[in-house]
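If you want the building blocks of each chain, they are given just below.
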Amino acid sequence: MIIAVDGPAASGKGTIARALAAHFGLPWLDTGLLYRAVGVSAVRAGRDPNNAEDALAACDFPEALLDDPELRSEAAGKYASFVSTHPAVREALVHRQRSFAHQPGGAVLDGRDIGTIIAPDADAKLFVTASTEARAERRYRDELKTNAEADLAAILADIEDRDRRDSERASAPLKRAGDADLLDTTNLTISAAVQRAIALVEARTGKR
Ligand code: CDP
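Undergrad: For the site of the ligand, give the residues involved together with the corresponding values.
TA: Around the ligand lies a shell of 18 residues, among which Arg36, Arg112, Arg139, Arg162 and Asp166 are the nearest. The side chain of lysine 13 places a nitrogen or oxygen atom 3.2 Å from an oxygen atom of the ligand. Arginine 139 places a polar side-chain atom, nitrogen or oxygen, 2.8 Å from an oxygen atom of the ligand. Comparing atom positions with the cavity grids shows the ligand to sit within the largest pocket. Elements supplying a minimum of two residues to the shell around the ligand: α2 (32-44), α4 (74-83) and α8 (152-168). The greatest single-element share of the shell around the ligand, amounting to 3 residues, is contributed by α2.

See the structure below:
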């Protein structure tokens, strides 16, 4: 069983995908981490993530980079959204994501184009969203844990920029697949969102 979870930044898709994987006993791939690794790898090499050739050269990043906590930073998210606009970068990462999705037994993947490009044949697709304000507030509360200077207005502006880049890019833009179930988490607690996600997948697949 393949479960595709897509949606914008801080919508809750990562948390939901992880919980679905645990519930259905499936392996999980956070595909955003791959783009984050490419972005961070380019910047560390002194290259420009906005430049297609520089970004492509960073696609053979070392595996160990995927465990680097810096990948979780806001800066890494921004570099990821730069490198992910280049079709050659997306192409370089497609095979790895499709093989993960189609491994025996299935998998859960979360990202921006899982239900549309990576696994259009997924058994269940969720498009997870939330208002821009709710998403910015979540990131802000997360960041406050490690940075007392966190700035809500700056985070909101950053999320709006990222939404625009992700939705307007020509190659694999963020968009709900026609057969994806919409899950709006604006007014849901994490556990309510997870319960709802499980119910939607069960209804689509008949699996428990
Ligand atoms: O959760 P958040 O959106 O902050 O981060 P992420 O899912 O790790 O994605 C970071 C960036 O990578 C996104 O803004 C997208 O530009 C890009 N991305 C993508 O283009 N396609 C994917 N399947 C996953 C991420």
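Structure's up, so let's keep going.
Undergrad: How would you sum up the packing of helix α1 (residues 13-24) against helix α9 (residues 190-205)? Please name residues and give values.
TA: For the pair α1 and α9, interaxial distance at closest approach is 10 Å and the crossing angle is 55 degrees. By the angle class used here, α1 and α9 are oblique. Here α1 runs over α9; the crossing is right-handed. Residue-level inspection shows Thr15, Ile16, Ala19, Leu20, His23 and Phe24 of α1 in contact with α9, the latter providing Ile190, Ala193, Val194, Ala197, Ile198, Val201 and Glu202.

Undergrad: Before we move on, could you go through unusual backbone geometry and cite the residues and values that matter?
TA: One non-glycine residue, alanine 10, lies in the positive phi region at around 60 degrees. Residue placement: alanine 10 occurs in the loop between β1 (2-6) and α1. The residue alanine 172 is not glycine, and still its phi comes out positive at about 50 degrees. The residue alanine 172 is located in the loop between α8 and β5 (181-184) in this model.

Undergrad: How would you sum up the layout of surface pockets? Please name residues and give values.
TA: Estimated volume of the largest pocket: approximately 1,200 Å³. For the largest pocket, the lining is made up of 43 residues, of which Ala10, Gly14, Thr15, Arg139 and Asp142 are closest to its centre. For the lining of the largest pocket, the secondary structure elements donating two or more residues are α1, β2 (28-30), α2, α4, β3 (107-111), α7 (132-144), α8 and α9. Residue composition of the lining of the largest pocket, grouped by class: 12 nonpolar, 13 polar and 18 charged.

Undergrad: So, the sheet that holds β2: which residues are in play, and what are the values?
TA: An order of β2-β3-β1-β4-β5 is seen for the 5 strands of this open sheet, with the pairing classed as parallel. Each end of this open sheet is capped by a strand with a single partner; those strands are β2 and β5. Here the average twist between neighbouring strands, direction ignored, is 20 degrees. For β2 and β3, the ladder comprises 3 bridges, and the chain directions are parallel. Bridge pairing links leucine 29 to leucine 109 in β3. Here helix α5 (residues 87-101) sits on the sheet in contact with β1, β2 and β3, set at roughly 145 degrees to β3. Contacts from α9 reach β1, β4 (124-129) and β5, with the element oriented near 170 degrees to β5.

What counts, and at which threshold
- Residues numbered from 1 in each chain as written.
- Predicted model: local features only at pLDDT ≥ 70, side-chain atom pairs only at ≥ 80, totals over all residues.
- Heavy atoms only, no water.
- Near = heavy atom within 4 Å.
- Polar contact = N/O pair within 3.5 Å; in protein donor to acceptor, adjacent residues only side chain to side chain.
- 1 Å grid on protein atoms, 1.4 Å probe; cavity = no way out; pocket = protein on both sides within 12 Å on 5 of 7 lines; lining within 4 Å.
- Sits in = over half its atoms within 2 Å of the grid points.
- Helix = DSSP H or I, 4+ residues; strand = E, 2+ residues; numbered from the N terminus.
- Axes fitted to C-alpha atoms, helices over the stretch in contact; angles between N-to-C directions.
- Parallel < 35°, antiparallel > 145°, perpendicular 65-115°, else oblique.
- Left-handed = near helix turned anticlockwise from the far one by under 90°.
- Contact = heavy atoms within 4.5 Å.
- Points joined across faces, edges and corners; volume = space filled by probe spheres on them.
- Nonpolar A, V, L, I, M, F, W, Y, C, P; charged D, E, K, R; others polar.
- Pairing = 2+ DSSP bridges.

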